[in-house]
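Architecture and fold: a report
Here's the letter readout for the chains.
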Amino acid sequence: MKHLLDSSELNFQQINELVEIAEDIIKKPEKYSSLCRGKILATLFYEASTRTRLSFESAMFSLGGSVIGFSTADSSSAVKGESIADTIRTVSEYADIAVIRHPKEGSALVASQYSKIPVINAGDGGHSHPTQTLTDILTIVSSKGKLENLTIGLCGDLMFGRTVHSLVKSLSSYPNNKFIFISPEELKIPSYLIDQYIKPNKIEYVQTTNLEESMPMLDILYMTRVQKERFFNEEDYVRLKDLYILDKNKLTNSKEDLVIMHPLPRVNEISKEVDADPRAKYFDQVRYGKFIRMALILKMLGVEINA
Ligand code: NCD
């Protein structure tokens, strides 16, 4: 694994291996605490982040490594007009692995083409966010014990939500999954995902605007925020932002073992009253994000892990 730009680059075997390492890290953190001593992770964040950047940084520190980087574009030479290509060339001289988040689709790919060190895409515009998918997968394995035979509802901004795109790509390669895409007409899942990932894998799917009606069928409900920063005008955002709000009431006809997920940040999509429900797993996702990223850093740096 030279770079990680998209979730479709990860096969079953690699996903299983990362999940197994993450589970072992959770059980025996001390075994991993100095495996990255002397190694440096660079976090290049041109776009806002709380969980992704901090979990990567915490992951590297917990492996005994160090972290450098910037958390806003305006604290880097991007404000002076420097290109991603020149920035990553520079970072390649100072770090062993780089994590990049950028508002433009394809930016991580560009970085990888000029990089001497492995590049991890931590979100490129509305395109892809593969390490959130790994986080989501560890959460699903931990709560369901499997990644197949699941009915997965994805609700909210399916058009611009990059975490949705990456998760759909990965889960469509497991057998007998079914997707229920719940969104307003304007925020439907991009058709390339249906044509290139869902149909070729013969995955059953439904597109609907109705969350309530979908509830009883779901094993997993993946709520998402309407991606304000990707809209061309404020009016559309305001009109669409609060269409789906998951509250206690809507949970009454859902399965007992439903798993409620959200990549966070949440705005209004899930009422706070749902947080206390045992089916709410979005803060577990936050926790798993660190361990799966520890596993990923180890694999991408080629660090040997002794049994
Ligand atoms: C997501 C992102 O940045 O795409 N956040 C995250 O990394 N957990 C989701 C979002 O911003 O809505």
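Residues numbered from 1 in each chain as written. Predicted model: local features only at pLDDT ≥ 70, side-chain atom pairs only at ≥ 80, totals over all residues. Heavy atoms only, no water.

1. Regarding the sheet that holds strand E1 (residues 40–45)
How we decide: For two strands to be treated as a pair, DSSP must find no fewer than two bridges joining them. A run of H or I in DSSP becomes a helix once it reaches four residues, and a run of E becomes a strand once it reaches two; helices and strands are each numbered from the N terminus. All axes are obtained by fitting lines to C-alpha atoms, using only the stretch in contact for helices, and the reported angles, taken between N-to-C directions, cover 0 to 180 degrees. We call two residues in contact when some of their heavy atoms are within 4.5 Å.
Here we have 4 strands laid out as an open sheet, ordered E2-E1-E3-E4, and parallel in their pairing. In this open sheet, the two edge strands, each paired with only one partner strand, are strand E2 (66–70) and strand E4 (119–124). Each strand of the sheet is rotated relative to its neighbour by a mean of 15°, with strand direction disregarded. Pairing geometry for E1 and strand E3 (residues 97–102), over 5 bridges, is parallel. Of the residues in E3, the one forming a bridge with Thr43 is Val99. Contacts from helix H2 (residues 51–62) reach E1, E2, E3 and E4 within the one sheet, and its direction differs from that of E1 by about 175°.

2. Brief notes about empty space enclosed by the protein
Put simply, the rule is: Grid points spaced at 1 Å and placed over the protein atoms alone form the basis of the search, with a cavity being a set where a 1.4 Å probe fits but cannot get out and a pocket an open set showing protein on both sides within 12 Å along at least five of seven lines. Lining residues have an atom within 4 Å of a point. Grid points are joined across faces, edges and corners, and a volume is the space filled by probe spheres set on the points. Only Asp, Glu, Lys and Arg are considered charged in this grouping, and only Ala, Val, Leu, Ile, Met, Phe, Trp, Tyr, Cys and Pro are considered nonpolar; every other residue, Gly among them, is considered polar.
The final tally for this structure, using the stated rule, is 2 cavities of 30 Å³ or more. Within this model, the largest cavity holds a volume of roughly 70 Å³. What lines the largest cavity is simply Arg51, Thr52, Ser55, Gln132, Thr135, Pro263, Gln285, Val286, Gly289 and Arg293. Those elements that place two or more of their residues in the lining of the largest cavity are H2, helix H5 (130–144) and helix H10 (282–300). Examining the composition of the lining of the largest cavity, we find that 4 residues originate from one element, H10, more than from any other. Per-class residue counts for the lining of the largest cavity are 2 nonpolar, 6 polar and 2 charged. Its volume calculated, the second largest cavity comes out at about 40 Å³. Around the second largest cavity, the lining residues are Gly156, Met223, Thr224, Val226, Leu240, Lys241, Leu243, Tyr244 and Glu269. A breakdown of the residues in the lining of the second largest cavity according to their chemical character gives 5 nonpolar, 2 polar and 2 charged.

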